Amino acid sequence: MKRLLLALLFVLLPITVYASPFLVCDPYPTTVTQPTYFNVVMDSGAPVQSTPESVTGGLRLHYDLVSISNGSHSATVAACNEWGCSSTVPFAFVKSAPSAPANIRLLSQ
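Here is what the cut-offs are and how they apply
- Residues numbered from 1 in each chain as written.
- Predicted model: local features only at pLDDT ≥ 70, side-chain atom pairs only at ≥ 80, totals over all residues.
- Heavy atoms only, no water.
- Pairing = 2+ DSSP bridges.
- Helix = DSSP H or I, 4+ residues; strand = E, 2+ residues; numbered from the N terminus.
- Buried < 20%, exposed > 50% of the residue type's maximum accessible area, 1.4 Å probe, protein only.
- Contact = heavy atoms within 4.5 Å.

Trainee: Please provide a residue-by-residue account of the sheet that holds strand 2 (residues 28–29), values included.
Mentor: The strand order across the open sheet formed by three strands is 2-6-5, and the pairing between neighbours is antiparallel. Whereas interior strands pair on both sides, the edge strands pair on one side only; in this sheet they are strand 2 and strand 5 (53–55). The sheet contact formed by strand 2 and strand 6 (residues 58–60) spans two bridges and is antiparallel. Looking at the pairing, Tyr 28 lines up with Leu 59 of strand 6.

Trainee: Explain the environment of Ser 72 residue by residue, including any values.
Mentor: Along the chain, Ser 72 falls in strand 8 (residues 71–81). Owing to a relative accessible area of 61%, Ser 72 belongs among the exposed residues under this scheme. Separated by 22 residues in sequence, Ser 72 and Val 94 have C-alpha atoms that sit 4.3 Å apart.

Trainee: Please give an account of the environment of Gly 58 that cites residues and values.
Mentor: With respect to the helices, strands and loops of the structure, Gly 58 is situated in strand 6. Residue classification places Gly 58 among the buried residues on the basis of a relative accessible area of 10%. Note: C-alpha distance between Gly 58 and Pro 27 (31 residues apart in sequence) is 5.2 Å. In this structure, Gly 58 is in contact with Pro 27, Tyr 28, Thr 30, Gln 34 and Glu 53, ignoring residues within four places of it in sequence.

Trainee: Lay out unusual backbone geometry with the relevant residues and their values.
Mentor: Note: most residues except glycine have negative phi, and most peptide bonds are trans. Residue Asp 43 is not a glycine yet carries a positive backbone phi of 50°. One can find Asp 43 in the loop between strand 3 (37–42) and strand 4 (48–50). The exposure class of Asp 43 is partly exposed, given its relative accessible area of 36%. Located in the positive-phi region is Asn 103, a residue other than glycine, with phi close to 55°. Turning to its location among the elements, Asn 103 is positioned in the segment after strand 10 (89–95).

Trainee: Give me the lowdown on the pairing of strand 8, citing residues and values where you can.
Mentor: In terms of strand pairing, strand 3 meets strand 8 through six bridges, oriented antiparallel. Note that in strand 8 the partner of Tyr 37 across the bridge is Cys 80. Pairing of strand 8 with strand 10 involves seven bridges; the strand directions are antiparallel. Bridging across to strand 10, Thr 76 finds its partner in Pro 90. By the bridge criterion, two bridges tie strand 8 to strand 9 (residues 84–85) in an arrangement that is antiparallel. For Asn 81, the partnering residue across the bridge sits in strand 9 and is Gly 84. The hairpin turn running from strand 8 into strand 9, its antiparallel successor, is two residues long.

What follows is the structure, given as structure tokens:
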């Protein structure tokens, strides 16, 4: 009975799963005005509003990059609240997969 209850608990409880990598920033200290969202623009596309993640020390950007393609990318990010948005901060990076393994063979010991 305990196993059944435990199995049902795992199935019925919602679990948030994130892929990686993420675009993040340092947390905003609780002593400053906190952003209510971040405007993220990837590769000159349309701005996407990203909800801040609550971490120890304050709120921070936590934008999932799971859907981007391999290659060079550029992002601009602004912190926003009901009064407006900050200036944008640029960030460039390259997403690349490792090369294929070389010299595949059997090893007998």
